[in-house]
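Observations on the model geometry
Read off the chains here:
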Amino acid sequence: STQSRSSAASDVYKRQIFHGVIDMNVVLQSIRQTAINMNQEQSHLEEALKTQLRINVTDEDLVDGVDRLIYNHSLNKTEVIKQLRTTKPTFKKKLTEAEELGLIGEHTSQGKAHLYTNDQVHILMEHFGVPKFHEHHDSKLIVVTNHKGGTGKTSTTLALATATALDLDLNARVLILDLDPQGSAGQGTMQIAEDSIYVTMTDILLAEFEPDNEDNAVNALLKNGYTIEEIIKQCAFSTHLSNLSVITAFPSDERFVDTYWQLDENEQVRLLRKFSEVVLPILKEVFDVIFVDMPPQDSPITWSALEAAEMLLVPVTPRYYDYASTTNFMSNLSDRLESLPSMGSNLQWYKLAAVNYQESSKPEYDTFQKLMRSVRNNLMTSTIAHSDAFTATANIGRTVLDIKKSEEVCTSKQFDVAVSSVNLFYKQFKNELIQLAIK
């Protein structure tokens, strides 16, 4: 049987070790074969996204089984009129025009209330000529980074990006760019079509540097006549919010580091500058506010993003070891920026932010006070509080801004703490963003 053969092989291996005659070449070959076997079992990006990243959030108790994420971000007629800063007669007239032009479908009814989805609201805003972010502001790239794992980079990125997209007054096109090979940012709300082509940022950056990699779809697309501009503009996935998109990452993106170190010095510089000089200008034609979720490492993939960074946000949980680790990160950050081709010249703003902060904890309170004394004006005065709501919503692929209290994914108190802190944090961030981005 398979089990007995496995046991026998194990006994032989143990005897070989005992007698000191084990052939290391055999061991290395076994490791290689194991890797081959695991790769054969490993899902491709397309399969993984389809089977693991989509979650069913439809609530049968909702209006006609409307998807819960869509329902939660719908506005009633009164709210839409207020948002458009118009009157009921004008709204009715312009709404009829939009319906006759086929711009907007029929609203959803819940009792006597008329509900308009986030997508419909944005269509109406366009039809009413509501000012857009890019008309008065430049696009900005915000890099969320800290080499310490577990400091809240992804949750902070998702909360800020979702709040930015939900801010109808800002009216900005928002992108989450995931550079963490764990690929967790935004995947729960990605909308995946059957004919989608799956491309990560690493695929785009490495395309010309790995022409023989058959798994990199970018080279195949280029050979089929697509331009790099077309590929970059179309590689983002849409989400439950019409103005929020996601470019995901995948474990195979780890190869960026290996490829970088195999290049000569001139090619290394060209690779590091590709995101800043080639990719980012194209992304800025499509998106106004771009959030980059960084992996917890100091490596070529993070250098590529830092080379392009205009705004830098460093989340830190105010605990002793997190403070010590972030101190080390900040001590090396200026040297790292100066070592890049641009020497950090693109960076215009940076802040540290206390996240997952439990003010009632004396050690955390003391550490936050220490942060205030040491970081001073470069510390966000608003914090993101510790709350079970963040864990509960992450488990269902959403942010705290994507749920209603009535869903009872956590206690009402925990929900209020989370939402209140995110909204206050976003308000401060928004003020800093628009001042920096104004044309």
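Everything here concerns the structure above.
Anyway, here's the lowdown on the structure attached to this text.

**Re empty space enclosed by the protein**
Within this structure, the stated rule accounts for 2 cavities of 30 Å³ or more. In terms of lining residues, the second largest cavity is bounded by Leu-177, Leu-179, Met-201, Leu-205, Phe-275, Ile-301, Ser-304 and Ala-305. Contributions of two or more residues to the lining of the second largest cavity are made by α10 (201-206) and α15 (300-308). Considering every element that reaches the lining of the second largest cavity, the biggest residue donor is α15, with 3 residues. Within the lining of the second largest cavity, the residues separate by chemical class into 7 nonpolar, 1 polar and no charged.

**Overview of the sheet that holds strand β6 (residues 237-238)**
On the basis of which strands lie adjacent, the open sheet formed by 8 strands has the order β6-β7-β5-β8-β4-β9-β10-β11 and mixed pairing. Of all strands in the sheet, those with a lone pairing partner are β6 and β11 (384-385), marking the two edges. With 6 bridges connecting them, strand β9 (residues 311-316) and strand β10 (residues 349-357) associate as parallel partners. Bridge pairing in β10 places Val-314 opposite Leu-352. Against the sheet, helix α16 (residues 320-339) touches β9 and β10, its axis set at about 155 degrees to β9.

**Quick word on the packing of aromatic side chains**
This structure, assessed with the given rule, holds 10 aromatic pairs. The interplanar angle of 90 degrees and the centroid separation of 6.1 Å between the aromatic rings of Phe-91 and Tyr-116 together place this pair among those described as edge-to-face. Of this pair, Phe-91 sits in helix α6 (residues 88-100) while Tyr-116 sits in strand β3 (residues 113-116), placing them 25 residues apart in sequence. There is no split in this pair, since Phe-91 and Tyr-116 are both buried. Ring geometry for Tyr-260 and Trp-261: centres 4.9 Å apart, planes at 85 degrees, overall edge-to-face. By relative accessible area, Trp-261 is classed as exposed at 52%. Among the aromatic residues, those joined into a ring-pair cluster are Phe-91, Tyr-116 and Phe-128.

Rules used in this analysis
- Residues numbered from 1 in each chain as written.
- Predicted model: local features only at pLDDT ≥ 70, side-chain atom pairs only at ≥ 80, totals over all residues.
- Heavy atoms only, no water.
- 1 Å grid on protein atoms, 1.4 Å probe; cavity = no way out; pocket = protein on both sides within 12 Å on 5 of 7 lines; lining within 4 Å.
- Points joined across faces, edges and corners; volume = space filled by probe spheres on them.
- Helix = DSSP H or I, 4+ residues; strand = E, 2+ residues; numbered from the N terminus.
- Nonpolar A, V, L, I, M, F, W, Y, C, P; charged D, E, K, R; others polar.
- Pairing = 2+ DSSP bridges.
- Contact = heavy atoms within 4.5 Å.
- Axes fitted to C-alpha atoms, helices over the stretch in contact; angles between N-to-C directions.
- Phe/Tyr/Trp six-rings, centres within 6.5 Å; stacked < 30°, edge-to-face > 60°.
- Buried < 20%, exposed > 50% of the residue type's maximum accessible area, 1.4 Å probe, protein only.

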